Amino acid sequence: MTLQATRAWRVGNLQLCTILMIIYGAEFDVEDDDVVLRYMAWHRSGLSCTRPNRQRSTLAFLHGYNGGKSLRVATIHQATILQNDSSKVSNNNIKLQRYTHKSFNLTYLYKEAAPGREKDRPIILIHPVGIGLSSWFWKRLMDSYDDNPPIYAPDLIGCGIDHGADVWDPDEIGLFFPLSWVEGVETLMNEIVIPKWRESQVLPSMFGVNRQGNESKGCLVIAQGGLAPVGIMLAKRNPITISNLMLTSPPTYQDITTAVPTAELQRNYEFLRSPIFGSIAFKLLESRALIKFFSNRFLFQDECDEEWLDETGQESVVAARTPVQAFNAGLLQHRSFEEDLKESPQPKLIVSGEGDMRAVDRQPYKEQLDTCTLITLPGLNVLPWESPNALVDQIKELGY
């Protein structure tokens with residue numbers, strides 16, 4: 001098992017890392033400190049690999065640095081609520097809604113503010129990526145927060161297939177990681193979350209006063225597990241509209257600040273995308289029995305429940321595999337995020353489960369960052385599902 005495979009099992013997500021990685025052909029180019037991963041197309045006559053043609057590109061880009069500037073696709077962000085889906089509403093007024101980002105139709109779960117809290121700062125929840133996972137991961141926490149401000153839980157690009165979101169096909173559209181997922185959330189934040197919040201303010205500006213009497217500076221972003229880089233980048237890129245960052249069961253500080261070697265990313269992704277071995281692995285690991293086994297082994301302090309298994313089963317479809325392949329290959333950790341952490345001004349709260357042996361290895365977050373607090377809650381690696389009430393209490397402590 002590779003170093004990244006060992007890490008991946010520890011970020012609170014269902015992973016495919018118990019399978020031996022097999023090396024197939026791929027090509028990596030390094031130009032001006034930006035790393036570009038070119039996924040190679042399989043040759044129909046065998047296992048040899050050839051460059052993809054322009055019409056059927058299999059490019060997916062790793063977002064790094066280019067002279068200090070982020071590589072971004074010049075596309076205007078547009079977001080509109082397309083419709084509500086009343087068939088997927090929880091018991092506590094959680095609604096499924098849709099919006100557009102670039103060429104993608106995306107979905108998100110939304111819980112309206114409780115009466116009297118319409119003017120309070122919103123919360124944005126970043127779900128983990130893994131077999132059967134999407135924004136439903138946050139439903140238990142959203143249900144547990146009765147006297148809540150506005151809460152949004154977006155499905156990242158390629159996720160939320162059961163909710164009706166678009167499938168991501170890397171043979172057709174390339175993505176930067178984690179930048180593309182960050183941008184998808186920013187579209188929701190800038191075009192829906194913030195404008196809706198601004199409309200609720202008595203003052204013409206969004207910088208009003210919330211119910212607690214504190215100045216309203218911005219949203220709280222909570223990122224789960226190995227999706228910490230998405231939360232970190234959101235905070236770094238949006239210092240005004242995001243005022244607090246919470247990371248639940250994130251990678252250790254060493255892992256989040258250490259780039260995974262290019263060769264390791266190469267063989268991981270090529271294996272997971274292989275039409276033979278990767279396909280077989282997914283078919284096995286998408287079974288309810290193995291989801292239960294790995295959830296109990298790596299995610300839950302106690303045993304997982306039937307609702308967890310039902311939700312993962314609904315999202316465990318072939319069309320939902322591509323983001324899991326990208327994440328499990330380690331693409332989000334192709335570079336260090338230490339600079340982003342140290343330069344973002346928001347206070348940071350690192351939450352670990354009491355059964356998580358990595359908690360001690362998260363101590364450097366507090367030592368290295370100016371305003372960072374570490375806490376421990378009951379549970380192991382999926383605290384928003386295991387201990388939603390305890391996590392809600394911590395959210396309230398932050399003034400949300």
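Residues numbered from 1 in each chain as written. Predicted model: local features only at pLDDT ≥ 70, side-chain atom pairs only at ≥ 80, totals over all residues. Heavy atoms only, no water.

Draft legend 1. Representation of the overall build of the chain. The helix and strand tally for the chain stands at 14 helices and 15 strands. Expressed as a percentage of its 400 residues, the buried residues of the chain come to 56%. Surface summary for the chain: the accessible area is close to 16,300 Å², and the carbon and sulfur share equals 50%. (Helix = DSSP H or I, 4+ residues; strand = E, 2+ residues; numbered from the N terminus. Buried < 20%, exposed > 50% of the residue type's maximum accessible area, 1.4 Å probe, protein only. Areas by Shrake-Rupley, 256 points an atom, 1.4 Å probe, with all protein chains shown as cover.)

Draft legend 2. Just helix 9 (residues 306–315), in detail. Among the residues of helix 9, those classed as buried are Trp308, Leu309, Glu311, Thr312 and Glu315. Each buried residue of helix 9 lies within a common arc of 165 degrees when the element is viewed along its axis, so the set occupies one face. (Arc of directions from axis to C-beta.)

Draft legend 3. Structural context of the pattern of salt bridges. For the structure shown, the criterion picks out 16 salt bridges. Two residues, Glu311 and Lys139, come together in a salt bridge whose shortest N-O distance is 3.1 Å. Of this pair, Glu311 sits in helix 9 while Lys139 sits in helix 2 (residues 139–144), and the two are 172 residues apart along the sequence. Taking the relative accessible area as the measure of exposure, Glu311 reaches 13% and is therefore buried. (Salt bridge = Lys/Arg side-chain N within 4 Å of Asp/Glu carboxyl O.)

Draft legend 4. Representation of the nonpolar core in the model. Among the nonpolar cores identified, the biggest contains 96 residues, and Ile123, Leu125, Ile126, Trp181, Leu227, Trp308 and Ile395 are the most heavily contacted of them. When neighbours within four sequence positions are excluded, Leu227 is seen to be in contact with Ile126, His127, Pro128, Val129, Leu156, Trp181, Phe327 and Leu332. (Core = buried A, V, L, I, M, F, W, Y, C linked by side-chain atoms within 4.5 Å. Contact = heavy atoms within 4.5 Å.)

Draft legend 5. Structural detail: the packing of helix 6 (residues 262–273) against helix 10 (residues 321–328). Close contact between helix 6 and helix 10 brings their axes to 8 Å; oriented N to C, the two are set at 155 degrees. Relative to helix 10, helix 6 is oriented roughly antiparallel. Relative to helix 10, helix 6 is oriented so that their crossing is right-handed. Contacts between helix 6 and helix 10 involve Asn268, Tyr269, Leu272 and Arg273 from the first element and Thr322, Gln325, Ala326 and Asn328 from the second. (Axes fitted to C-alpha atoms, helices over the stretch in contact; angles between N-to-C directions. Parallel < 35°, antiparallel > 145°, perpendicular 65-115°, else oblique. Left-handed = near helix turned anticlockwise from the far one by under 90°.)

Draft legend 6. Fine view of the packing of aromatic side chains. Following the criterion strictly, the structure yields 14 aromatic pairs and no others. Measuring from centroid to centroid gives 5.2 Å for Tyr253 and Tyr365, while their planes differ by 80 degrees, and the two rings are edge-to-face. A residue pair is termed long-range when its members are at least 10 positions apart, and Tyr253 in helix 5 (residues 253–256) and Tyr365 in helix 12 (residues 363–368) qualify at 112 residues. Summarising the burial analysis for this pair, Tyr253 and Tyr365 share the class buried. Between Phe294 and Phe298, the aromatic rings sit 6.3 Å apart at their centres with planes inclined by 25 degrees, giving stacked as the arrangement. One end of the pair, Phe294, and the other, Phe298, are both in helix 8 (residues 288–299), four residues apart, so they sit about a helical turn from each other. The class for Phe294 is buried, based on a relative accessible area of 10%. Through a chain of ring-to-ring contacts, the aromatic side chains of Trp136, Phe137, Trp138, Phe300, Trp308 and Trp385 assemble into a single cluster. Over the aromatic face of Tyr400 sits the side chain of Arg121, whose NZ or CZ is 4.0 Å from the ring centroid. A cation sits over an aromatic face here: Arg335 above Phe337, 4.3 Å from the ring centre. (Phe/Tyr/Trp six-rings, centres within 6.5 Å; stacked < 30°, edge-to-face > 60°. Lys NZ or Arg CZ within 6 Å of the ring centre and 35° of its normal.)

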